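# Descriptive analysis of the structure
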Amino acid sequence: MRLNRDIVLKIVLDCIKQFEEESEIIIDLSEGETSRLFGGDGPLDSLALVSLIVEIEEAIEIELGESIILADEKAMSRRTSPFSRVNNLVDYIVEISNN
Amino acid sequence: MKNSTKIVLITGSRKGIGRTLVEYYLNIGYIVIGCSRQDSDLINPNYKHFICDVSDEISALKIFKFIKSEYGKLDILINNAGVASLNHILLTPITTVKKLFDTNLLGTFLFSREAAKIMKKHSYGRIVNFSTVAVPLNLEGETIYSATKSAVEQLTKNMSKELGPYGITVNAVGPTPIETDLIKAIPKDKIDKLLMSQSINRIGNFEDLINLIDFFICDRSNFINGQIIYLGGVLK
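The following paragraphs examine the structure supplied in this document.

## Quick word on the packing of helix α1 (residues 5-23) of chain A against helix α4 (residues 86-97) of chain A
Between two packed helices, the angle of one axis relative to the other and the distance separating the axes together describe the packing. All names here are of chain A. At a minimum axis separation of 9 Å, α1 and α4 run at an interaxial angle of 125°. In this view, α1 runs oblique relative to α4, as classed from their interaxial angle. In this structure, α1 meets α4 at a crossing whose hand is right-handed. Within the contact between the two elements, α1 uses Arg-5, Val-8, Leu-9, Val-12, Leu-13 and Ile-16 and α4 uses Val-86, Asn-87, Leu-89, Val-90, Asp-91, Ile-93 and Val-94. Taken together, the residues of the contact of α1 with α4 break down into 10 nonpolar, one polar and two charged.

This is how it looks when you write it as structure tokens:
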């Protein structure tokens, strides 16, 4: 089942909000979809990224009705990390939901 | 269900150690979820059984989906499911090797991963894995079995570091032989030889094991993490 991009974007933003409340880490979304998440001057360290991915995987599972794994070898080996910015993450989720 | 009621998941719960653990934790008021490759004849309102091969991801995920929707939390995971094989390395088929690694290592990994996702939400969790004294004793004839359990020990140590920050402890028990189906096929002279290599030369019992698991899972053990404790005074 291919997920609608707008739905995925909403899921990701909701998860970021929930993650911020739980972790007290602020993710600056002032640049909209191109806001940084991980790598470079992104706000997440590797442990925080793990927590956010787990949140998103669970939210997607509820939406899709089946589980997905976001951080596999395929994701890690990409030239542009799917976790670098909000838009990359959203596009990646839409892409793998189609597989 | 009271919010303080402990929810425990025990793999390989149909018979042997797993069954004993299920009955013990039901008796002290826990809600127990169990699984095995065959159905269980245990009927108790606080017990839910799933038929599941622990290395099968799809079946495993159904269990965790149930736990999330039914209880919203998981306090304790006991990765008891295991298979053993006693054979000389020259006579060990590759299918046996795969089967042992699938159940003992992959199953432990899969259930720990999914359990930790639920436990993380409450910043609390206890995971207990199963090793064996066959690892430190380097027992001949148990090469593949002890290799899988050695891998479980490494998994335990590394997971304890990765999950510790979330309030989840991961430890392992290393039982001596206990009278279960798992050791039925082992000749008596082999068992006797093994017992002599322990500092306390007797066969283990369920009470010994329960005592150690209780230690790992109690609330006060929140500073005990990444440890492997062998019964019978066996030293690494």
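Text resumes after the structure shown.
## Observations regarding helix α2 (residues 46-64) of chain A
With 19 residues, α2(A) should reach 27 Å at 1.5 Å per residue; the first-to-last C-alpha distance of 26 Å fits that figure. The set of residues buried in α2(A) consists of A:Ala48, A:Leu49, A:Ser51, A:Leu52, A:Ile53, A:Val54, A:Glu55, A:Ile56, A:Glu57, A:Ile60, A:Glu61 and A:Leu64. Buried-residue contacts for α2(A) involve α1 and α4 of chain A together with α2 (57-70) and α3 (94-121) of chain B. At the C-terminal side of α2(A), A:Gly65 shows a positive phi close to 85°.

## Overview of the pairing of strand β6 (residues 168-174) of chain B
Residue and element names in this part refer to chain B. Burial analysis of β6 places seven of its seven residues in the buried class, which makes it a mostly covered element. Both faces of β6 are covered, namely the face carrying Ile-168, Val-170, Ala-172 and Gly-174 and the face carrying Thr-169, Asn-171 and Val-173. Alignment of strand β5 (residues 125-130) against β6, held across six bridges, turns out to be parallel. By the bridge assignment, Val-128 is partnered in β6 with Asn-171. Note that β6 and strand β7 (residues 228-230) share three bridges and pair parallel. From the neighbouring strand, Ala-172 faces β7, where its bridge partner is Ile-228.

Calculation criteria
Residues numbered from 1 in each chain as written. Chains lettered and ligands numbered in written order. Predicted model: local features only at pLDDT ≥ 70, side-chain atom pairs only at ≥ 80, totals over all residues. Heavy atoms only, no water. Axes fitted to C-alpha atoms, helices over the stretch in contact; angles between N-to-C directions. Helix = DSSP H or I, 4+ residues; strand = E, 2+ residues; numbered from the N terminus. Parallel < 35°, antiparallel > 145°, perpendicular 65-115°, else oblique. Left-handed = near helix turned anticlockwise from the far one by under 90°. Contact = heavy atoms within 4.5 Å. Nonpolar A, V, L, I, M, F, W, Y, C, P; charged D, E, K, R; others polar. Expected span 1.5 Å × (residues − 1). Buried < 20%, exposed > 50% of the residue type's maximum accessible area, 1.4 Å probe, protein only. Pairing = 2+ DSSP bridges.

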